[in-house]
Amino acid sequence: MKRRLFFPAAASAVALLGVAAMAQPPADTVVTSSATVTLNGRTITVEGEKVTIDGRVVTATPDMKSKKAPVVTKAVCVLMPVGDSKVSGVLHFEQAGDSVKVTGEVKGLEPGEHGFHVHQFGDLTDMETGKSAGGHMDVGEHKHGKPSDKERHTGDLGNITADENGVAKVEMTDSVISLNGAHSIVGRGFIVHADPDDFGQPTGNAGARVAIGAIGVAQDGLK
């Protein structure tokens, strides 16, 4: 008795149809489902990772198996000058449980505080103004705030402080941003501003954008 073929995932269906279409199936192919079907005159049986076509066993390949998505553990952002600014730097992000540790150095700043935010887009096409990065990253619709505020934009990381040499050492931990899931900052933009973030509405009055970067997965940042 034939049963209707049902696949829990589109990938399984595509894999099975691909196997069925091959006149000489390769020795190693994977399909992860359980059913029997007649397709184009050929009987295909799938039992877990074991597949038979017209009685011939076709085994599984690792590259076609359902794989768990990798977890991002580290990310990096290279900051570049916007316009005629001389500001540059490198930021490192490391997932630490439910928080992200942010470290790095920004140089070429005027001494004092500077707004420090994750922005919506990792789009660096406008290096004259930095506006291609969009506004502050925000999952939902929240008011601008301090990093410690209960209500804040996701990307609100407050200020960094440059010393008399224009160098800001960065070391902070934030529990709102993440390297995975809905609050992931990977692929987003990062902006350093000319002025301090005074935490006023709507975005902190931090002035011009003096450095811009895109946050990407670090070379050793996948697990």
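Here the residue numbers are simple positions, counted from 1 along each chain's written sequence. The predicted nature of this model means local features are confined to residues of pLDDT at least 70 and side-chain atom pairs, given and counted, to a pLDDT of 80 or more, with totals for whole chains, interfaces and linings taken over all residues. Values reported for side chains reflect all heavy atoms of the structure, with hydrogen atoms and water molecules removed beforehand.

## Some details on the environment of Leu179
Our working rule: Elements are defined by DSSP. Helices are runs of H or I of four residues or more, strands are runs of E of two residues or more, and each kind is numbered from the N terminus.
Relative to the helices and strands, Leu179 is located in the loop between strand S10 (168-174) and strand S11 (189-193). Here the alpha-carbon distance between Leu179 and Val100, two residues 79 residues apart in the chain, equals 7.5 Å.

## Section: the nonpolar core
Our working definition: Buried Ala, Val, Leu, Ile, Met, Phe, Trp, Tyr and Cys residues form a nonpolar core when they are joined through side-chain atoms within 4.5 Å. Using a 1.4 Å probe on the protein chains alone, a residue whose accessible area is under 20% of its type maximum counts as buried, one over 50% counts as exposed, and one in between counts as partly exposed. In what follows, residue pairs with any heavy atoms lying within 4.5 Å of each other are defined as contacts.
Among the nonpolar cores identified, the biggest contains 28 residues, and Leu91, Phe93, Val106, Leu109, Phe116, Ile160 and Phe190 are the most heavily contacted of them. Elements with a minimum of two residues in this core: strand S5 (74-81), strand S6 (88-96), strand S7 (99-107), strand S8 (112-119), strand S9 (156-162), S10, S11 and strand S12 (209-217). Setting aside residues no more than four positions away along its own chain, Phe116 makes contact with Leu91, Val102, Gly155, Leu157, Gly158, Asn159, Ile160, Val170, Met172, Phe190, Ile191 and Val192. With five residues, the next largest nonpolar core counts Val37, Ile44, Val51 and Ile53 among its residues.

## Quick word on the confidence of the model for the chain
Rules: Across the chain, each position has a pLDDT score giving the predictor's confidence in that residue, from 0 to 100.
When the pLDDT values of the chain are averaged, the result is 85; 79% of them are 70 or greater. When the criterion is pLDDT under 50, residues 1-17 qualifies, and its contacts beyond four places in sequence or with other chains add up to 21 contacts. Predicted confidence for residues 19-33 stays below pLDDT 50, and this span has 47 contacts to residues more than four positions away or in other chains.

## Here we look at the side chain of Ser99
Counting through the fold element by element, Ser99 comes out in strand S7. Aside from chain neighbours lying at most four places away, what touches Ser99 is Glu94, Thr173, Asp174 and Ser175.

## Considerations on the sheet that holds S7
Here is the rule: Here, any two strands with at least 2 DSSP bridges between them count as paired. In this analysis an axis means a line fitted to C-alpha atoms, helices contributing only their contacting stretch, and an angle means the value between N-to-C directions, from 0 to 180 degrees.
One open sheet accounts for eight strands, arranged S9-S8-S11-S12-S5-S6-S7-S10; its pairing is antiparallel. Looking at strand neighbours, the two that pair on one side only are S9 and S10, the edges of this open sheet. The average angle at which neighbouring strand axes cross in this sheet is 20 degrees, direction not considered. Both S8 and S9 contribute to a ladder of five bridges, which runs antiparallel. In the sheet register, His114 faces S9, and the bridge partner there is Ile160.

## Section: unusual backbone geometry
Cis geometry is found at the peptide bond from Gln201 to Pro202, where omega equals 5 degrees. As for its placement among the helices and strands, Pro202 is situated in the loop between S11 and S12. The phi torsion at Phe199 lies on the positive side, around 65 degrees, for a residue other than glycine. Take Phe199: it is sitting in the loop between S11 and S12. If you check the backbone angles, Asn205 has positive phi at about 55 degrees while not being a glycine. Secondary-structure assignment places Asn205 in the loop between S11 and S12.

## Comments concerning the environment of Thr154
Within the secondary structure layout, Thr154 lies in the loop between S8 and S9. Take Thr154: its relative accessible area is 2%, and that puts it in the buried class. For the pair Thr154 and His183, spaced 29 residues apart in the sequence, the C-alpha separation amounts to 7.2 Å. Those residues within four positions of Thr154 in sequence are excluded, and the remaining contacts are Met137, Asp138, Val139, Val176, Ile177 and His183.

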